[in-house]
Amino acid sequence: MKQVILNSVKGMIFLLMWSFSICMLAQNITVRGTVTDNSGELLVGVTVQVQGASVGTVTDIDGAFTLPNIPSNATLEISYVGMVSQSVAVNGRTNINITLTEDVEALEEVVVVGYGTQKSKELTGSVASVKGDQIRKIPVPNVLNSLAGTMAGVTVNTRSGEPGLDNPSIFIRGKNTLGNNAPLIIIDGVPRDGLERLNPNDIENITILKDATAAIYGARAANGVILVETRSGRAGKPTFNFTYNAGFQQDTRVPNMTDAFTFASIQNEIETLHGRPAIYSDQELELYKNGTDPYYPNTDWYSYITKKFTPQNRLDFSVDGGNEKMTYRLSLGRTFQDGHYKYGITEHEQYNLQSKIDANISKNVSIGLNLRGTVLDGIRPYNYNDIYPHIFLYHPTWFPKWPETDYMAPGRDNDNLINRVSANEGYRRSKSKMLQSTLTYRINAPWLEGLYLNGSFNYDYTNNLNKIWYEPSFVYYRDENTGEYTRGRTGFGADDPSLTVNTRNNDMFLWNVMLNYEKQLNRHSITGLVGYEQMTSNYDYLLGSRSRFVSTKIHELFAGTSDRNYMNNDGSAGESARINYFGRLNYNYAQKYLLQFTFRYDGSQNFPPNKRFGFFPGVSAGWNISEETFMSEVDFISYLKLKASYGRMGNDNIPAYQYLTAYRFGSNYVIGDVDVNGLNALNVPNPDITWEIANTFNFGIDFYLWNSLRGEINIFNSERSNILTKRSAVIPEYTGLQLPDENIGVVRNRGVELEISYNSKFRDIEYFLSGNFSFARNKVIFTDEAPMAEEYQLATGRPLGSRLLYKSIGIFKDRDEIQNYPHLLGAQPGDIKYEDVNQDGEINSYDRIRINETADPEIIFGLNAGLTYKNFNVSILLQGQENANFLNTTDWTTSLSKGAGNYYQWRVNDHWTPENTDATMPRSSESRGENTQASTHWLINAGFLRLKNVEMGYNLPANWINRIGLQNCRIYLSGNNLFLIYDHMKEIGYDPEVPSPWYYPQQRVYNIGVNLTF
């Protein structure tokens, strides 16, 4: 680790010294001029600045400016509130007159939509987007994590910070179904995996389709669609870009565990409350407290096992250029993340390569080739899933190593945490290699202007190789009488080394063809397309394993035993296919009245032949009120549009072939002294299974005020029907009879979204402020649930995932209070007191109530702000959520019992004892199961506001760097997940996005980087 840090620091110092040591010599001149608008009116207060230098001025009352003694080859940056900024090359001129146009760039901006693009002002649906520049500001390897807080309607929760396994949950407008809620991801026009590991430096923008605009993706669009467009080359001389950043990760939150003295005291308390003698004497307690005897340790296992800071770094290099005939872009990136275990082997390494070429073959023919390769290489301990639970289960009275030795001492299961985090017990290594290729084409019809044919051929291939090595681990046992140490096996795992190797290959071929037509006739504009798409995919899987290796030095299958009783193999293969027809028709009149119709006739192999195809239409309309003549006198409204959409979409993201009876090889049978394989039925088929249906309505308002304030408001309603669920009311689960899933569930989801942004300038300071807010609440309209004893216990009418919990109303102080109030059987003083909800004089399952809030927030919001002053810039991003809670009912974390491991300090604080009867936490207990019923007592508010990201950067002046050919040199500092401004979990030490302290925690990142363009 020290070497990694040292190399990173050395590299940064070299780049900084190199950048600051350059000074450009150029001929200087004086430049004068005026600035006007389109109507010829002189503009006062326009900023005119030399690019890359702290030299500038503003226009006077006559709209004039003077810049004395500036380089003759300088570039001027001209900016004014409400106008489009311009860059003007001086080229030796001494007099330059400039005309600025009204800033409608945001409205003219082209947005990627399904199978095409549209201008922002022509959009009639709810579409959100984020540019690649903003994504690149966030120093996280996983692209999906950089979307948190950036767009209305997009919920991103990072549940783990483990390198290579930090994939967040992501929902578009919350949850809508009992099944899979994951959105469809389209990369460069193709449904593809791998967005989370895409190189951020290759991303042009990410667009989210949230309403009927997604209907063009048919049976896969109901959960929303994420469209990713990667960067292309630009015409001009070759431009090289180099970026390097080095960072350090740190846990955002760490639970506070009890020390050895407190732990031993609780152990004694448990014994004495049950009439048994204490385990630890007063003298032993004092030794644990004062730490004077090495055989009475006070081990902070978390600090012992984990590092305070863990390095990560990223290097990117790209070159692009071209001419009017051909453009190109080539990029290469490498990312490294280290794990935060001191003795661990956790690492993740990633390589990205992309080549993109676009060429005009002739006047009417153009083609493009996009190749992208990704290599992932990760390693982690054999028992990586058990590390965090064991950190918190290990007693503070246990040794990591025996005093004054390097011998590992036995802990839980007679194992040692060093074994768990290191390769002492083996490892899991995963290598993934992915190739994604796209060949695009466009052919213009020479006989009819506006008619053209385009499409693509795509081939993707992925290979995943997993190697799982296990070897026996050892610790040292001490004889208390003689003091001698003996090396011996732990209580974990088998005695023989073993190796399992599995590989999976996936390939996908997709091709599509589209006929497009664009026509402008006076004030009428018509665009349309019809297309056909076909996809086939295949996979094959192979596994082999052996044990009883003669040596732990050779980790290959051949070195294992040849005894068939200690080897295994397996394999499988599969294929799938899709075909669909789709189209879109757009009409607008004078940019005032907008109409769009989309359709998709979709086929999915997941369903039986008679249910395989479906029709998914969508229609939307818009009215640009600001284009009406009666709005010409309303000066403060630059743009105002009403829009509405309605569409029908599907969700086929379910296990395939549920309409068929499936079998697998299971128990073996002996027939005629021959051992033969037997078949077991896997399911009860449903011949009528089909996709879920989402009927979605959206109404929105887009506005642009004072040429500075831009906003969008959307109200939506979506009803999801045909949701797969079982008929529990007909045949309850307790009968043991198996029923197939049926398309009978209905869920409704409603909400509102707001996005607003403000851009302005004051003298040399440009600044922006943008915010987004979303509220989405779903409700189960129908699910065939079994009748409940009480109406208020039904899931119907409640949000998805609503939980049945006892309602906590305090802690029983004494036996008198227990006698005077209904209680659970065997209740004791110090137990949780539950409300008798149905007032029948008993506490039982009928007293559980439905809690509407779940771990998935109903409210999400973000705030993004920044400013630029000359060559300096800074930006911040805040992210938050509300109406979510975390149910902390794991008996290992909530129990103060004898066998629960170590105790959380928040659980010990103010717990009931005979001396503390007014407690807020229940008593210590004999077994882990006491006082751990799912109740509101263990419900924690998961709302928070987080400083998600901060970036500060400085562009070195141009006259410092141009001498050696550098166009730009930017140095920046950034941080991610820096701190929580407010939340409700600080006392217990949990991160509000992580569902349990037993997971690898989310990471805080400090980062420094440099970007060079030449």
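What counts and how
Residues numbered from 1 in each chain as written. Predicted model: local features only at pLDDT ≥ 70, side-chain atom pairs only at ≥ 80, totals over all residues. Heavy atoms only, no water. Buried < 20%, exposed > 50% of the residue type's maximum accessible area, 1.4 Å probe, protein only. Helix = DSSP H or I, 4+ residues; strand = E, 2+ residues; numbered from the N terminus. Arc of directions from axis to C-beta. Contact = heavy atoms within 4.5 Å. Pairing = 2+ DSSP bridges. Axes fitted to C-alpha atoms, helices over the stretch in contact; angles between N-to-C directions. Expected span 1.5 Å × (residues − 1). Salt bridge = Lys/Arg side-chain N within 4 Å of Asp/Glu carboxyl O. pLDDT = per-residue confidence, 0-100. Core = buried A, V, L, I, M, F, W, Y, C linked by side-chain atoms within 4.5 Å.

**Q** Whenever I open this one, helix H5 (residues 282-290) confuses me. Can you help?
**A** Note on helix geometry: an α-helix contains 3.6 residues per turn, so any two residues three or four positions apart are oriented the same way. Turning to H5, its buried residues number three or more, namely Leu285, Leu287 and Tyr288. Along the axis of H5, the buried positions cluster into a sector of 160°, meaning they face one direction only. With respect to the buried face of H5, the exposed residues turned more than 90 degrees away are Asp282, Gln283 and Lys289. Packed against the buried residues of H5 are helix H4 (260-273). Of the residues one or two after H5, glycine 291 is the one with positive phi, at around 70°.

**Q** Can you help me understand unusual backbone geometry in this one?
**A** Most peptide bonds take the trans configuration, and most residues that are not glycine carry a negative phi. Positive phi, close to 55°, is recorded for aspartate 413, a residue that is not glycine. By the secondary structure assignment, aspartate 413 is in the loop between helix H7 (387-393) and helix H8 (417-421). Even without glycine at this site, lysine 870 takes up a positive phi of about 55°. Here lysine 870 lies in the loop between strand E42 (859-869) and strand E43 (872-882). Assessed through its relative accessible area of 31%, lysine 870 is described here as partly exposed.

**Q** How do you make sense of the sheet that holds strand E5 (residues 75-79) when you look at a structure like this?
**A** Neighbouring strands of a sheet are bound in pairs by backbone hydrogen bonds; such pairs are parallel or else antiparallel. The four strands are arranged E3-E2-E5-E6 in an open sheet whose pairing can be described as antiparallel. Of all strands in the sheet, those bounded by a partner on one side alone are strand E3 (56-58) and strand E6 (86-89). Within this sheet the neighbouring strands show an average axis-to-axis angle of 20°, counted without direction. One ladder, built from four bridges, connects strand E2 (residues 47-50) with E5; its direction is antiparallel. Bridge pairing in E5 places threonine 47 opposite serine 79.

**Q** Explain H4 here, please?
**A** Compared with an ideal rise of 1.5 Å per residue, which puts 14 residues at 20 Å, H4 spans 20 Å between its outermost C-alpha atoms and is within 8% of the ideal. Most of H4 sits inside the fold, with 10 of its 14 residues counted as buried. Of the residues making up H4, those classed as buried are Ala260, Thr262, Phe263, Ala264, Ile266, Gln267, Asn268, Glu269, Ile270 and Glu271. Taken together, the buried residues of H4 touch H5 and helix H11 (905-908). Among the residues trailing H4, glycine 275 stands out with phi positive, at a value near 75°.

**Q** How should the sheet that holds strand E1 (residues 28-36) be read in this particular structure?
**A** The three strands are arranged E4-E1-E7 in an open sheet whose pairing can be described as mixed. Where the open sheet ends on each side, the last strands, each with one partner, are strand E4 (64-71) and strand E7 (98-99). In the sheet, E1 pairs with E4 via six bridges, with the strands oriented antiparallel. The partner of arginine 32 across the bridge, within E4, is threonine 66.

**Q** When you look at the pairing of E1 in this model, what are you seeing that I'm missing?
**A** Regular strands place their side chains on alternate faces of the sheet. Sheet topology note: the E1/E7 ladder contains two bridges and is parallel. Paired with threonine 36 across the two strands is threonine 99, which belongs to E7.

**Q** So what exactly am I meant to see when it comes to the pattern of salt bridges here?
**A** Two side chains bearing opposite charge may form a pair once their charged atoms approach each other closely. Going through the model one piece at a time under the given rule, you end up with 46 salt bridges. Glutamate 204 is the salt-bridge partner of arginine 234, the closest N and O atoms lying 3.7 Å from each other. One end of the pair, arginine 234, is in the loop between strand E16 (225-230) and strand E17 (236-251); the other, glutamate 204, is in strand E15 (residues 203-209), with 30 residues separating them in the sequence. When its relative accessible area of 28% is taken as the criterion, glutamate 204 is described as partly exposed. Several salt bridges converge on common partners, so that one network encompasses Glu271, Arg276, Lys898 and Glu926.

**Q** Looking at this model, I keep getting lost on the confidence of the model for the protein chain. Mind explaining?
**A** Close inspection of predicted coordinates is inappropriate for parts of the model with low pLDDT. Of the residues in the protein chain, 95% have a pLDDT of 70 or more, and the chain-wide mean is 89. Low pLDDT, under 50, characterises residues 4-26; the stretch is placed with 39 contacts to residues that sit more than four places away or in other chains.

**Q** Even after reading the chapter, I still don't get the nonpolar core, so can you show me in this structure?
**A** Considering soluble globular proteins, one finds that nonpolar side chains tend to be buried as a cluster. Ile391 and Phe392 are the most contacted members of the largest nonpolar core, which totals 33 residues. The element that contributes the greatest number of residues to this core is H7, accounting for five residues. Sequence-distant contacts of isoleucine 391, that is, excluding residues within four places in its chain, are made with Trp301, Tyr302, Ile305, Thr306 and Leu417. By size, the runner-up hydrophobic cluster in this structure holds 22 residues, among which are Ala214, Ala215, Ile216 and Met649.

**Q** I would appreciate a short explanation of the pairing of strand E28 (residues 567-589) in the present structure.
**A** Bridge analysis of strand E27 (residues 524-547) against E28 gives 23 bridges, and the strand direction is antiparallel. Each bridged residue has a counterpart across the sheet, and for methionine 535 the counterpart in E28 is arginine 578. Linkage of E28 to strand E29 (residues 593-604), two consecutive antiparallel strands, is achieved through a turn of three residues, within which alanine 590 is found at a positive phi near 55°.

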